[in-house]
Amino acid sequence: MWVLTAVVLVLTVFSVLSVAKNPAMEWSVVGDYFFSSSVLEGLWLSVWVTVLVTVLSLLLGAVLAAMRLSQQPVLRGLAWGYVWIFRSVPLLVQLLVWFNIGYLYPKLSFGIPWGPTFVEAPAREVMTAVLAALLGLTLHETAYATEIIRGGLLSVDAGQREAAHALSLSPLFTFTRIVLPQAMRAILPSAGSLLVGTLKATSMLSVIAVADLLYSVQIIYNRTFQIIPLLTVACIWYLIVTSVLSVGQWGIEKHFARGTSRTVGRRNLWRSRTTRTSQAVEA
């Protein structure tokens, strides 16, 4: 085992040094563009799109998860169909479909189905690249959020609901104070992965010309031909934001995990053992 550990450590150090000392990395270029205005603007767009899409996905996912757990077969079927469709079609394809929705519907309107139309506008003016990105990402991530929330709710033992019903607690109180806090322990790890996955998925927005982080560095290296240094800038920023999100996820998980595990310090453990020993001697 020690030999394997030493080999892995040597290979890791060698790989890191080979990249760090490679002149093609052009670390000076990385430093020049790391805090450039265009890169920071692209980073900000990626971050706020990630947060907005994640919040909307979890809210819509909660509704669809409730529909999937409903006793009504129509609601279950509709929710299942939504999850089936949007998990089956790749995200990139969905983004391209929403971006080119004007070919299918030249005009977008709002009104009563088969009735009067209140608002109507050309699709090319309404469906901007950013709106197409938000729609595509939200609808795609909602399908995964639905299954995450449904799995978390199913992880709570049915006896918890039965006990609450026996105590004449209201369904709302039972869900918000008993079921949901326990389900959150199962939901949060996957929801954190969903958040990080959404951040990485924003890199696909460059395909429809949304000025996210990757698109911003692409614009620069298409002009300067310094591809690797600019991609390194994007990679470092993705690592930083992902690390911050992971720390926040850890804090939230720790909050909801209160009371589920018992930790005894060494001093308290020693005291308890000493007390038990003295009691045994006295006996």
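Basis of the calculations
Residues numbered from 1 in each chain as written. Predicted model: local features only at pLDDT ≥ 70, side-chain atom pairs only at ≥ 80, totals over all residues. Heavy atoms only, no water. UniProt positions renumbered as here; feature names shortened; annotations may be inferred. Helix = DSSP H or I, 4+ residues; strand = E, 2+ residues; numbered from the N terminus. Core = buried A, V, L, I, M, F, W, Y, C linked by side-chain atoms within 4.5 Å. Buried < 20%, exposed > 50% of the residue type's maximum accessible area, 1.4 Å probe, protein only. Contact = heavy atoms within 4.5 Å. Axes fitted to C-alpha atoms, helices over the stretch in contact; angles between N-to-C directions. Parallel < 35°, antiparallel > 145°, perpendicular 65-115°, else oblique. Left-handed = near helix turned anticlockwise from the far one by under 90°. Phe/Tyr/Trp six-rings, centres within 6.5 Å; stacked < 30°, edge-to-face > 60°.

Per an unreviewed UniProt entry, the chain carries the name ABC transporter permease subunit and comes from Nakamurella alba. A UniProt comment under Sequence similarities (unreviewed entry) is attached to the chain, and it reads "Belongs to the binding-protein-dependent transport system permease family." Quoted verbatim from the Subcellular location (unreviewed entry) field of UniProt, the annotation for the chain is "Cell membrane".

Before going further, it helps to spend a moment on the UniProt feature "domain: ABC transmembrane type-1" (unreviewed entry) in the chain. Here, the residues flagged by UniProt with the feature "domain: ABC transmembrane type-1" (unreviewed entry) are residues 43-249. What you have in residues 43-249 is 77% helix and 5% strand, and the ends, taken at the C-alpha atoms, are 20 Å apart.

The next point concerns the nonpolar core. One finds V39, L213, V217, L230, V233, W237 and Y238 to be the most contacted residues of the largest nonpolar core, which totals 18 residues. Among the elements of the structure, α2 (27-34), α3 (37-68), α11 (213-224) and α12 (227-256) are those that each provide at least two residues to this core. When residues in this core are grouped by element, the largest group, 6 residues, is from α12. The residues contacting Y238, other than those within four sequence positions of it, are L199, T202, S203, D212, L213 and L214. The next biggest cluster of nonpolar side chains, apart from the first, holds 16 residues, and it includes L45, V53, L95 and L137.

A negative phi angle is the norm for most residues apart from glycine, just as the trans form is the norm for most peptide bonds. Positioned with a positive phi, E26 is a non-glycine residue whose angle comes to about 50°. Locating E26 in the fold gives a position in the loop between α1 (2-20) and α2. On the basis of relative accessible area, E26 is assigned to the partly exposed category, the value being 32%. Even without glycine at this site, A209 takes up a positive phi of about 65°. As for its placement among the helices and strands, A209 is situated in the loop between α10 (171-201) and α11.

Okay, the packing of helix α5 (residues 91-99) against helix α8 (residues 129-154) next. For the pair α5 and α8, the least separation of the axes is 8 Å and the interaxial angle reads 140°. It follows that α5 is oblique to α8 by the angle criterion. For the pair α5 and α8, the crossing hand works out as right-handed. Here α5 contributes L91, Q94, L95, W98 and F99 to the contact with α8, which in turn contributes A129, A132, A133, L135, G136, L137, L139 and H140.

The subject of this paragraph is the packing of aromatic side chains. The full count for this structure, using the stated rule, is 5 aromatic pairs. Each ring, one from F35 and one from W237, has its centre 5.9 Å from the other, and the planes form 85°; the classification is edge-to-face. Of the two residues, F35 sits in the loop between α2 and α3 while W237 sits in helix α12, which places them 202 residues apart along the sequence. Since its relative accessible area comes to 59%, F35 is described here as exposed. With relative accessibility at 11%, the residue W237 sits in the buried group. Consider the rings of W80 and W84, whose centres lie 5.8 Å apart with planes at 5°: the pair is stacked. Placement of the pair is W80 and W84 together in helix α4 (residues 73-88), with a separation of 4 residues, close to one helical turn. By the ring-pair criterion, three or more aromatic residues cluster together here, those being F34, F35 and W237.

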